[in-house]
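Close look at the chain arrangement
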Amino acid sequence: MSSILIPLSVFLLSLEALSTSSASVGSRSVLRAVVVEKNGNQPDFAVDLNATNFDAVLRDTPATYAIVEFFAHWCPACRNYKPHYEKVARLFNGPEAVHPGIILMTRVDCASKINTELCDRFSVGHYPMLFWGAPPKFVSAGPKPKLDKNEIVGIDDGRTADRLLNWINKQLGRHVTPFSYGLEDEKFENEHLQSNVSDPGQIVRAVYDVEEATSIAFDIISEHKMINSETRASLIKFLQLLVAHHPSRRCRKGSAEFLINFDELYPSDMLADKKQETIIANGKGTLGNFQICGKEVPRGYWMFCRGSRNDTRGFSCGLWVLLHSLSVRVEDGESQMAFSASCEFIHSFFICEECRQHFHDMCSSVSSPFNKTRDFALWLWGAHNKVNKRLMKEETSLGTGDPKFPKVIWPSKQLCPSCYLSQSQERNVTSRIDWDRNEVFKFLGSYYGKMLVTVYKGKGLEDGGTDKAVADDLPVSTNALVVPVGAALAIAVASCAFGALACFWRSRQKNRKYFHQPHYFKNI
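A short tour of the structure in this document, coming up. (Residues numbered from 1 in each chain as written. Predicted model: local features only at pLDDT ≥ 70, side-chain atom pairs only at ≥ 80, totals over all residues. Heavy atoms only, no water.)

This structure, assessed with the given rule, holds six disulfides. What pairs with Cys305 in a disulfide is Cys317, and their sulfur atoms sit 2.1 Å apart. Note on the Cys305 and Cys317 pair: the S-S dihedral is about -65°, so by sign convention the disulfide is left-handed. Taken together, the residues Cys305 in the loop between α11 (273–281) and α12 (315–329) and Cys317 in helix α12 connect sequence positions 12 residues apart. A relative accessible area of 13% means that Cys317 is categorised as buried. Bridging Cys343 to Cys363, the disulfide has an S-S length of 2.1 Å. Here the disulfide of Cys343 and Cys363 is left-handed, its torsion about the S-S bond being about -85°. Placement of the pair is Cys343 in helix α13 (residues 335–349) and Cys363 in helix α14 (residues 353–364), with a sequence separation of 20 residues. Each member of the pair, Cys343 as well as Cys363, carries the same accessibility label: buried. (Disulfide = S-S within 2.5 Å. Helix = DSSP H or I, 4+ residues; strand = E, 2+ residues; numbered from the N terminus. Buried < 20%, exposed > 50% of the residue type's maximum accessible area, 1.4 Å probe, protein only.)

Mapped onto the elements, Glu86 comes out in helix α3 (residues 76–92). Residue classification places Glu86 among the buried residues on the basis of a relative accessible area of 8%. Within the local environment of Glu86, its side chain forms a polar contact with the backbone nitrogen of Phe45, the two atoms lying 2.6 Å apart. Those residues within four positions of Glu86 in sequence are excluded, and the remaining contacts are Pro43, Asp44, Phe45, Ala46 and Arg107. (Polar contact = N/O pair within 3.5 Å; in protein donor to acceptor, adjacent residues only side chain to side chain. Contact = heavy atoms within 4.5 Å.)

Turning our eyes to something else, we now look at α12. The terminal C-alpha atoms of α12 lie 21 Å apart, and with 15 residues this matches the ideal 21 Å at 1.5 Å per residue to within 8%. Here α12 lies mainly inside the structure; 13 of its 15 residues are buried. (Expected span 1.5 Å × (residues − 1).)

So, on to the packing of aromatic side chains. What the rule picks out here adds up to 32 aromatic pairs. Ring plane angle 35° and centroid distance 5.4 Å describe the contact between Phe70 and Phe122, whose orientation is recorded as tilted. Remark: Phe122 occurs in the loop between α4 (116–121) and β4 (129–133) and Phe70 occurs in strand β2 (residues 65–71); sequence separation between them is 52 residues. Classification of Phe70 by relative accessible area gives buried; the value is 0%. The exposure class assigned to Phe122 is buried, which follows from its relative accessible area of 1%. Here a set of aromatic residues connected by ring pairs shows up, and it is made of Trp320, Phe339, Phe359, Phe370, Phe376 and Trp379. The ring of Phe304 carries the charged tip of Arg313 above its face, separated from the ring centre by 5.8 Å. Geometry around Phe405 places Arg313 over its ring, the cationic atom sitting 4.2 Å from the centre. (Phe/Tyr/Trp six-rings, centres within 6.5 Å; stacked < 30°, edge-to-face > 60°. Lys NZ or Arg CZ within 6 Å of the ring centre and 35° of its normal.)

Here is the structure:
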């Protein structure tokens, strides 16, 4: 086993060095780097695209729609139009977007030689020229994209910020006040979020929130220096679970890379805080240097888990979705391991003390091991409803809940009618529900299993899809990340290596009926 892991770890370290050197022109993400101050002028919110990153950015964006502006930097009309375009882009782009995850607003400079073929592909005949469509439609457009109502639509009435936003509102069916978007909208003000509690289709967007929550959780662990001799084993167990069953392929990949390097980064003889501080001070590639879900994450905003207020939902919602998705993905022989790994991870690394203790108490109340996936999935579902029931009372009395997303017993009857055998109202206003647990389990498996990764499979990201890059040097600096030939080849080889690695970890975990026992951590 060590003979397999050592060469892979050496390869990954060399790849990391290569990727780091080639990525110096960008930040963690194209989408997070869109707000850049330039000589004290207004920040840019629209994302600059070019032939090297056009397909990759539009394929990977979580946004439902995209607008692409084709322009020329020498064109006076384009320069005068830019402030109008930026006023609208402010609403939808970047970590401080007022309405994130809905529209990705981009631009392509056709005066740059690198973009000549790209602009010809879309038959750009004048500047500026704007197109609207679902992001995958731009990627799969082919040599000559279909410019019709079913594919990509030309925006013919967007020459000012007001007119462009009016066009968008009409396209989205939001032209009726108070549901229309406005140029003066501010984050979490005048927000008309539609509750997603009764729409099963909304869960497909939660895969991005699961990535966000995973990344934030590991950022917290790194920032608070929480890995020590007492928490080390708990983190390894949870990483093993993520490598095999995280719904996001890039999070599985990042978890595997971190796990391979774990012994070097955090040796088992790390018994004192001084030792840990020495490791961090020496810069030996600690957790903070790993991008657990890839360079695009965290994005800085939420999709399915976005609350109507800045301080509601978000991270806690994303973490619950992650745990539920893990619970329905494990096999019967792994259910007890998944239960103990989840309980220990929350107890060791969730920094809300009261929440952590409540979860620990629920874990400690389990008297017999889980033998089936069904057992763990239903236990977690019941635990989540216990938490909701407790918080429901507290938030109602204190007025601290999200008015758009109040805590409820879940799933609702609208989401799963077959889950309910009967329901009666009690004096304290809560409902007593007689559940059909078999139907609940079927619902959980579909909701957090198949539906959660639908968006990935549609974009080719779940089953091994990789970013394409062209190794042309850019004449002008942009918000894009350029990947040279060497890095591109290394990434291609890495994709194959990680494919084999994922299979290796999956088979290893499936065959190990007892790998939750601490003495097996030495063999990682």
